[in-house]
Amino acid sequence: MRQLIIIGSGPAGLTAAIYAARANLNPLVVASSVDVGGELMNTTEVENFPGFPEGIQGPDLMAKLQAQAERFGAEIRYDDAVELELDGPVKRVVLGTGNVEEASAIVFATGSAYRKIGIEGEQRLSGHGVSWCATCDGFFFREQEIAVVGGGDSAMEEATFLTRFASKVYLIHRRDELRASKIMQERAFNDPKIEFVWNSEVVDILGESAVTGVVLKSTVDGSMRELPLQGVFVAIGNDPRTHLVHGKLELTAEGTVWVDGRSSRTSVPGVFAAGDVIDPTYRQAATAAGSGTVAALDAEHYLAALGEAGAPQVDADEISGRPEVAPSPAA
Ligand code: NAP
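From a predicted model like this one, the values you see are computed outputs, not experimental measurements.

Caption draft 1: Region of the structure containing the site of the ligand. Around the ligand sit 20 residues, and of these Asp153, Ser154, Arg174, Arg175 and Arg179 come closest. A distance of 2.5 Å is found between an oxygen atom of the ligand and a side-chain nitrogen or oxygen belonging to Ser154. Taking Tyr282, its main chain carries an N or O atom lying 3.4 Å from an oxygen atom of the ligand. Relative to its unbound accessible surface of 920 Å², the ligand loses 79% to contact with the protein. When residues of the shell around the ligand are assigned to their parent elements, the largest contribution, three residues, is made by helix α5 (residues 153–162). In the shell around the ligand, the residues fall into three nonpolar, 10 polar and seven charged.

Caption draft 2: Summary view of the pattern of salt bridges. One pass over the structure, following the stated rule, counts 11 salt bridges. Two residues, Arg2 and Glu75, come together in a salt bridge whose shortest N-O distance is 3.1 Å. On the criterion of sequence distance, the pair formed by Arg2 in strand β1 (residues 2–7) and Glu75 in strand β5 (residues 75–77) is long-range, its members being 73 residues apart. On the accessibility criterion, Arg2 (21% relative accessible area) is partly exposed. A salt bridge links Asp35 to Arg241, with the nearest nitrogen and oxygen atoms 3.8 Å apart. Of this pair, Asp35 sits in the loop between β2 (28–30) and β3 (45–46) while Arg241 sits in the loop between β18 (238–240) and β19 (271–273), and the two are 206 residues apart along the sequence. Members of the salt-bridge network, linked through shared partners, are Arg2, Glu75, Arg77 and Glu101.

Caption draft 3: The nonpolar core, seen in detail. With 36 residues, the main nonpolar core has Leu4, Ile6, Val29, Val107, Phe272 and Leu303 as its most contacted residues. Secondary structure elements with two or more residues in this core: β1, α1 (11–22), α2 (58–71), β8 (100–108) and α7 (285–309). One finds Ile7, Leu84, Phe108 and Val277 within the second-largest nonpolar core, a separate group that totals 22 residues.

Caption draft 4: Region of interest: the packing of aromatic side chains. According to the stated counting rule, one finds eight aromatic pairs in the structure shown. Here Phe139 and Phe165 contribute two aromatic rings whose centre-to-centre distance is 6.3 Å and whose plane-to-plane angle is 75°, an arrangement assigned as edge-to-face. Placement of Phe139 in the loop between α4 (134–137) and β11 (145–149) and of Phe165 in the loop between α5 and β12 (168–172) is noted, with a sequence separation of 26 residues between them. Classification of Phe165 by relative accessible area gives buried; the value is 13%. Note on Phe189 and Phe196: the rings are 4.9 Å apart at their centroids and 45° apart in plane angle, and the pair reads as tilted.

Caption draft 5: Main features of the sheet that holds strand β15 (residues 213–218). Ordered by their spatial adjacency, three strands build an open sheet running β14-β15-β16, and the pairing between neighbours is antiparallel. The open sheet terminates on both sides in strands that have one partner only, identified here as β14 (200–206) and β16 (224–228). Averaged over all neighbouring strand pairs, the angle between strand axes comes to 30°, with direction disregarded. Note that β14 and β15 share six bridges and pair antiparallel. Directly across from Ser200, in β15, lies its bridge partner Ser218.

Caption draft 6: Here's a closer look at the environment of Gly222. You can see Gly222 is positioned in the loop between β15 and β16. With relative accessibility at 33%, the residue Gly222 sits in the partly exposed group. For the pair Gly222 and Ser200, spaced 22 residues apart in sequence, the C-alpha separation works out to 9.1 Å.

Caption draft 7: Here's a closer look at the sheet that holds strand β17 (residues 231–234). With parallel pairing, five strands are arranged side by side in an open sheet as β10-β17-β11-β12-β13. The open sheet has two edge strands, β10 (130–131) and β13 (194–197), and neither has a second partner. Most of the contacts of α5 go to β11, to which it runs at about 165°, and overall it touches β11, β12, β13 and β17.

About the criteria used
Residues numbered from 1 in each chain as written. Predicted model: local features only at pLDDT ≥ 70, side-chain atom pairs only at ≥ 80, totals over all residues. Heavy atoms only, no water. Near = heavy atom within 4 Å. Polar contact = N/O pair within 3.5 Å; in protein donor to acceptor, adjacent residues only side chain to side chain. Areas by Shrake-Rupley, 256 points an atom, 1.4 Å probe, with all protein chains shown as cover. Helix = DSSP H or I, 4+ residues; strand = E, 2+ residues; numbered from the N terminus. Nonpolar A, V, L, I, M, F, W, Y, C, P; charged D, E, K, R; others polar. Salt bridge = Lys/Arg side-chain N within 4 Å of Asp/Glu carboxyl O. Buried < 20%, exposed > 50% of the residue type's maximum accessible area, 1.4 Å probe, protein only. Core = buried A, V, L, I, M, F, W, Y, C linked by side-chain atoms within 4.5 Å. Phe/Tyr/Trp six-rings, centres within 6.5 Å; stacked < 30°, edge-to-face > 60°. Pairing = 2+ DSSP bridges. Axes fitted to C-alpha atoms, helices over the stretch in contact; angles between N-to-C directions. Contact = heavy atoms within 4.5 Å.

Dropping the structure here:
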C-alpha cells in the first residue's frame, strides 16, 4: 500500500506532489487521461505566476512543475480516478483502466470545470462554433464576428485575446456592470474591436451544423432579438469538480469541498483537499500552488502521526490530521 495518492495534476496537485516527494512519501499522482496539467494547459501567456518576470506559457509552466515533482520521485499516472473509497484507514482509488490503488492518505485536487449556460444549442454546436477556450479555438475565427458571454476576468481575457483573430467581438453580459477587475475591464473597454452588449442573456444558439447567431433576451424588459455571428465563447466561470466525492466529503454551500479553517483537512480523516476544488474566491495558479503545499504538509503530518501510533492497529478516525503542535516543515 502507498502512503499518498494525489488526484489531479494542476498547480495544486503537482505542488503537493513536489512537497510530498521531497518528504519521501513517493506519491502517486493520478493525472487524468485527457486533462493532464489542468486549466493552465488552455492558457497562453501566464504573467502573474511568481518567478517568471517575462511570463511563461501555461503548458510550459505545467511541464516544469511536473518535471520538478518527478525529479524527487513522484509517479505520474495518465489515468482517471473514477471511484473513491475514503472511509477507514485504507483509501482506495479505482482508475479508469480498472486498476485499484490504495493509500493511507489522499490529496484531492481535481480543480474546476467550465460552467455551461445550459441551453440546447450550446451542447449541440459545441466544437462547431461554441467553445470554452479562446486560446484553443480562437484561430478558427479569423475575420469573423463572434461573441464572448460573461462579465468576469475570464470573459475580458478571452475577448481581448480573440480580437487577434476576429473582426468583431461582442461581449454579452447579463448585467450593466462587470465583475472583472478594473485593469481587465479597461483593456476591454479600450479595444475598438470589442462591443459590449449589456443586460442580455443568451437564450438560444442558432445554426444547423455551425453557429449562425444567438437569441438574446433583455434582462430589463424581457424583449428578444437575434444577433448574427459565427462563434460563441462561453466564459461564465467554473464549478468545482466534486462529482467523485458527493456523499463522501462534506461540501460548502458554494459547492466546494469543505476544509477545516486554513488547513486542507476535509470531513474525512486522511483525506486532504487543495486548489480550485476548495476555493470559491481566488482561483489563481499561485493560490492553488500554495494550497497544494498546505495539503502535502497536512498529509505528511497525518502520516507521521499514523506511523507513531503504529499503522496496522490505529483507527485513522481518531487521527484528525495536523497534530496540536505541528513540527516546522523543512524549506
Ligand atoms: P467569475 O468571476 O465567477 O465571473 C463569471 C461571470 O459570468 C460573471 O460576470 C457572471 O455574471 C457571469 N455568469 C455566471 N453564470 C452565468 C450564466 N449562467 N449566464 C450568463 N452569465 C453568467 O468567473 P471567471 O471570470 O471565470 O473568473 C474566475 C476567477 O478567476 C476570478 O477570481 C478571476 O479573478 C480569476 N481570473 C483571473 C484572471 C487573471 O488575473 N488574468 C483571468 C481569468 C480569471 P454576474 O457578474 O452577473 O454574476
